[in-house]
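Spelled out from the first residue to the last, the chains are:
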Amino acid sequence: MQWYGDVEAKPAPGPLRRVQAFINTLDRESGQDRLADPADAAEWLIAAGLLDDGAVPGRADLAVLAEVRESLRALVIHNTGGPAPTAAQLDPLRRLAAGAPARLVVGDAGAVEVAPVGSSVPDRLLGLLLIVADAQRDGSWVHLKSCANEDCRWAFYDRSRNHGGTWCDMASCGNKLKNREFRARRRSR
Ligand SMILES: [Zn+2]
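Residues numbered from 1 in each chain as written. Predicted model: local features only at pLDDT ≥ 70, side-chain atom pairs only at ≥ 80, totals over all residues. Heavy atoms only, no water.

By the naming in an unreviewed UniProt entry, the protein goes by Putative RNA-binding Zn ribbon-like protein and is assigned to Mycolicibacterium fluoranthenivorans.

Here's what the structure looks like:
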């Protein structure tokens with residue numbers, strides 16, 4: 001099944017694209033959720049490296065995925081100038097960080113990396129959190145933003161020169177909101 005997030009108008013670079021894709025498994029405008037149904041979710045999760053081949057996520061896995069997704073969305077909204085995430089919003093990420101083990105791995109070229117140990121859904125999600133950590137260090141993280149349309153909140157990577165990007169896609173959200181404001185202004189006149 002094709003998913004909107006499979007073709008991003010404003011894709012993040014490198015591994016950060018995986019974090020963006022995960023956040024965008026929920027289309028808030030239509031209410032469609034790629035991770036709501038276990039069988040349907042399995043296909044996406046396996047392709048995204050968040051689930052072992054042939055596995056099916058349990059209800060508990062889907063619950064963890066949904067809450068971690070909203071935590072990450074809260075971080076990305078903060079990147080867009082929104083409020084700092086609350087303790088409740090950070091809690092799923094903190095539980096993930098506290099509960100899933102990671103270890104150091106030395107690659108063939110000598111590159112030292114931190115990698116999750118297990119292969120459960122929370123372990124794989126820890127891998128996404130490690131990508132966030134890398135992006136926070138290399139400076140790319142702050143450019144992963146959330147659409148200013150509150151009904152949308154799609155995650156997009158802001159490549160604009162002044163880093164002032166506001167919309168997931170100007171053709172849809174930006175223009176839609178602009179038209180709405182325009183109509184409201186006209187009415188108030
Ligand atoms: Zn949008």
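Back to the write-up after that little detour.
Regarding the nonpolar core
The condition that has to hold: Throughout, nonpolar core names a set of buried Ala, Val, Leu, Ile, Met, Phe, Trp, Tyr and Cys residues whose side chains join them through atoms within 4.5 Å. The buried label goes to any residue with under 20% of its type's maximum accessible area, the exposed label to any with over 50%, and the partly exposed label to all in between, with areas taken from a 1.4 Å probe on protein chains only. Only runs of H or I of at least four residues qualify as helices and only runs of E of at least two qualify as strands under DSSP, and these elements are numbered from the N terminus.
Judged by nonpolar contacts, the single largest core of 35 residues is most densely connected at Leu-16, Val-19, Phe-22, Leu-72, Leu-125 and Trp-141. Secondary structure elements with two or more residues in this core: helix H1 (16-23), helix H2 (38-47), helix H3 (59-79), helix H4 (87-99), helix H5 (121-138) and strand S6 (155-157). Counting residues in each nonpolar core, the second largest holds 7 residues, with Trp-154, Phe-156, Trp-167 and Cys-173 among its members.

A look at the side chain of Ser-140
How we decide: Two N or O atoms count as a polar contact when they lie within 3.5 Å, although within protein this holds only if one can serve as hydrogen donor and the other as acceptor, and sequence-adjacent residues are included solely when both atoms are side-chain atoms. Two residues form a contact once any of their heavy atoms are found within 4.5 Å.
Positionally, Ser-140 belongs in the loop between H5 and strand S5 (144-146). Within polar-contact distance, the side chain of Ser-140 engages the side chain of Asp-138 at 2.7 Å. Ser-140 has contacts with Leu-16, Ala-135 and Tyr-157, leaving out every residue within four places of it along the chain.

Description of the pairing of strand S3 (residues 102-106)
Here is the rule we go by: Only strands joined by at least two bridges in the DSSP assignment are considered to pair.
Inspection of the sheet shows S3 paired to strand S4 (residues 112-116) by 5 bridges, in the antiparallel sense. Each bridged residue has a counterpart across the sheet, and for Leu-104 the counterpart in S4 is Val-114. In textbook terms, the turn of a hairpin is the stretch between consecutive antiparallel strands, and for S3 and S4 this stretch comprises 5 residues, one of which, Gly-110, has a positive phi near 90°.

Quick notes on H1
Residues three or four positions apart in an α-helix share a direction because the helix packs 3.6 residues into each turn. Counting buried positions over the 8 residues of H1 gives 6, a clear majority of the element. The complete set of buried residues in H1 reads Leu-16, Val-19, Gln-20, Ala-21, Phe-22 and Ile-23. Buried residues in H1 make contact with strand S1 (26-27), H2, H3, H5, S5 and S6.

Concerning the coordination of the zinc ion
As a reminder, the rule being used: Counted as donors are N, O and S atoms no farther than 2.8 Å from the metal, or 3.2 Å for Na, K and Ca; water is not among the atoms, and sites may therefore look incomplete.
Only Cys-147 (SG), Cys-152 (SG), Cys-168 (SG) and Cys-173 (SG) from the protein reach the zinc ion as donors, at distances of 2.3 Å. The sequence pattern describing where the donors of the zinc ion fall on their chain is C-x4-C-x15-C-x4-C. Highlighted residues: Cys-152 in the loop between S5 and S6 and Cys-168 in the loop between S6 and helix H6 (170-188), separated in sequence by 16 residues. Summarising the burial analysis for this pair, Cys-152 and Cys-168 share the class buried.

Examining unusual backbone geometry
One non-glycine residue, Arg-153, lies in the positive phi region at around 55°. Among the structural elements, Arg-153 can be located in the loop between S5 and S6. Residue classification places Arg-153 among the buried positions, given a relative accessible area of 16%. For His-163, which is not a glycine, the phi torsion comes out positive at approximately 55°. The topology assignment puts His-163 in the loop between S6 and H6. Residue His-163 is classed as partly exposed on the basis of its relative accessible area of 39%.

Focus on the packing of H4 against H5
Applied cut-off: Axis angles are defined between N-to-C directions and span 0 to 180 degrees, where every axis is a line fitted to C-alpha atoms and, for a helix, only to the segment in contact. Oblique is the label for any angle not covered by the other classes, which are roughly parallel (under 35 degrees), roughly antiparallel (over 145) and roughly perpendicular (65 to 115). Classification convention: Asp, Glu, Lys, Arg as charged; Ala, Val, Leu, Ile, Met, Phe, Trp, Tyr, Cys, Pro as nonpolar; all other residues, Gly among them, as polar.
Taken N-terminus to C-terminus, the directions of H4 and H5 make an angle of 110°; their axes are 9 Å apart at the nearest point. Of the possible angle classes, the one that applies to H4 and H5 is roughly perpendicular. Between H4, through Leu-93, Leu-96 and Ala-97, and H5, the contact on the second element is made entirely by Pro-122, Leu-125, Leu-126 and Leu-129. Tallied by class, residues from the contact of H4 with H5 come to 7 nonpolar, no polar and no charged.

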